[in-house]
Amino acid sequence: MIKCVHCGEENEPIFTYCLSCGKPLEQSLSSFKPRAAPAGKGARWKLVAVRADGGLGTEYPLIQGANTIGARGPQVIVADDPRVADQHATVEIGEDIAFLKDLGTRHGTFVRVRGERVLADGDQIRIGHALFLLELKRPRPQPAPDGSAWLGSLGVLPDHYGRVLRLGPEDVVIEAHLLAKPEVTLGRTAGDILMADDPFVSSRHAAFVRSGETCTLKDLGSTNGCYLRTRGRVAIHDGDQILLGHHVFRFQRDART
C-alpha cells in the first residue's frame, strides 16, 4: 500500500493517483525528489510564528531545498522550548511541492488537521494540552481471570473498533476510551470524552467518526484545532500550521512572489 503524503489515504500500488485527493502517488514514494525551481523563479515560502493570542509573529524566509527547524536551526531557530530538539524537523521546498519531515525526535512534529483527516492505527493527536494515541484493529481481550474489564470499557465490553488512549509523561496511559459508536465526540463541556480542565479545548471540539473500515478525525469548528503527529515525510500546503513543542508556525507563500 502507498500512503498519500497529502491526505493520508492508503492506496493500492497499481494506482497512479490517490483515490481520495487525486494527487500523484509518485510524490508519496520515499524515492521521490522534489524538483527545484529555476533560479529566480518559483514561489517563495516562509514560516510565520503564531503567537499565543493568535496573532502572527516572527517570519522565517525559507530557501529552495532543505530548511532545518530546531533549537540550533539554522533556518528556523526555536531556542526556548525543551521539547524542541537541536535539529527537530526539515521543510523541503521544491518547485511545486513542499515536504515536512520530523528528524526522529522524542516529542514529534504535528500538523493541524483541516476539517477532517483519515487516521491510521498508531496515530497520535494533540488536542489542547493532551496527547492521544489511536489504536485500531486490535483484538478485544478476554476479561482477566478475576473478572476485571478492559481499561476504558466502564465495566462493559461492547462491540468496538478501537481505543483512544490519553498519554501522560513517558507515554504512560492515564485514560482509555473505547470507540464503540459510529461517532465518538470530544469536548470541554459536551461529548463522550470530556476535558473539563483544559481551557484550550472547545465545548465541542472534535469527533472520531467510523466510516466502513476507516476512522476519521473531524474538527468540529474548534478554536485551537487538532494536530496530527507526522509519520515519515508529509506534504504541506499554503496555510498549514505546524506544531513543535509549544510553538506553532504557519507555512505560507511570501506575498512578494
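Residues numbered from 1 in each chain as written. Predicted model: local features only at pLDDT ≥ 70, side-chain atom pairs only at ≥ 80, totals over all residues. Heavy atoms only, no water.

Enquirer: Would you mind going over the environment of Arg-72 with me for this structure?
Expert: In this fold, Arg-72 is placed in the loop between β5 (65–70) and β6 (76–77). Remark: the alpha-carbon pair of Arg-72 and Pro-82, spanning ten residues in sequence, is separated by 12 Å. Each residue touching Arg-72, except ones within four places of it in the same chain, is listed here: Ile-77 and Asp-86. (Helix = DSSP H or I, 4+ residues; strand = E, 2+ residues; numbered from the N terminus. Contact = heavy atoms within 4.5 Å.)

Enquirer: Even after reading the chapter, I still don't get unusual backbone geometry, so can you show me in this structure?
Expert: Most peptide bonds adopt trans geometry, and most residues besides glycine take a negative phi value. In the segment running from Gly-73 into Pro-74, the intervening peptide bond is cis, with an omega of 15 degrees. With respect to the helices, strands and loops of the structure, Pro-74 is situated in the loop between β5 and β6. At Glu-170, a position not held by glycine, the phi torsion is positive, near 60 degrees. Structurally, Glu-170 is set in the loop between β13 (162–167) and β14 (173–179). We classify Glu-170 as exposed; its relative accessible area is 67%. A positive phi is found at Asp-171, a non-glycine position, where the angle reads about 60 degrees. Structurally, Asp-171 is set in the loop between β13 and β14. On the accessibility criterion, Asp-171 (38% relative accessible area) is partly exposed. (Buried < 20%, exposed > 50% of the residue type's maximum accessible area, 1.4 Å probe, protein only.)

Enquirer: Please explain the sheet that holds β5 as it appears in this structure.
Expert: Strand pairing in a sheet relies on backbone hydrogen bonds, with the paired strands running either antiparallel or parallel. Read across the open sheet, the five strands follow the order β6-β5-β7-β8-β20; overall the sheet is mixed. Strands with a single pairing partner mark the edges of an open sheet, and in this sheet they are β6 and β20 (233–236). Across two bridges, the pairing between β5 and β6 is parallel. The residue of β6 that forms the bridge with Gly-70 is Ile-77. (Pairing = 2+ DSSP bridges.)

Enquirer: Mind showing me how you'd approach the nonpolar core here?
Expert: In a soluble, globular protein the nonpolar side chains are often hidden away together inside. In this structure, Ile-125, Ile-127 and Leu-179 are the most contacted members of the largest nonpolar core, which totals 22 residues. Mapped by element, the contributors of at least two residues to this core are β11 (124–127), β12 (130–136), β15 (183–187), β17 (206–211), β18 (214–219) and β19 (226–229). Examining the composition of this core, we find that four residues originate from one element, β12, more than from any other. Setting aside residues no more than four positions away along its own chain, Ile-127 makes contact with Phe-132, Leu-186, Met-195, Asp-198, Val-201, His-205, Ala-206 and Cys-226. Residues Trp-45, Leu-47, Tyr-60 and Leu-244 belong to the second largest nonpolar core, which totals 21 residues. (Core = buried A, V, L, I, M, F, W, Y, C linked by side-chain atoms within 4.5 Å.)

Enquirer: Just to check I follow, could you spell out the pairing of strand β8 (residues 98–102) for this structure?
Expert: It is a general feature of regular strands that their side chains alternate between the two faces of the sheet. Within β8, four of the five residues are buried, which leaves the element mostly enclosed by the surrounding structure. In this sheet, β8 lies alongside strand β7 (residues 89–93) in antiparallel orientation, the contact comprising five bridges. Within β8, the position partnered with Ala-89 by the bridge is Asp-102. Between β7 and β8, which pair antiparallel one after the other, the connecting turn spans four residues. Bridge count for β8 against β20 is four bridges, and the pairing is antiparallel.

Enquirer: Help me understand the pattern of salt bridges in this model?
Expert: Note that side chains of opposite charge can pair when their charged atoms are close. In this structure the tally under the stated criterion is eleven salt bridges. One salt bridge in this structure joins Arg-72 and Asp-86, with 3.7 Å as the shortest N-O distance. Of this pair, Arg-72 sits in the loop between β5 and β6 while Asp-86 sits in the loop between β6 and β7, placing them 14 residues apart in sequence. In this structure Arg-72 comes out as exposed when scored by relative accessible area, which is 64%. The class of Asp-86 is partly exposed, set by a relative accessible area of 39%. Salt bridges sharing common partners tie together Arg-106, Glu-170 and Asp-171. (Salt bridge = Lys/Arg side-chain N within 4 Å of Asp/Glu carboxyl O.)

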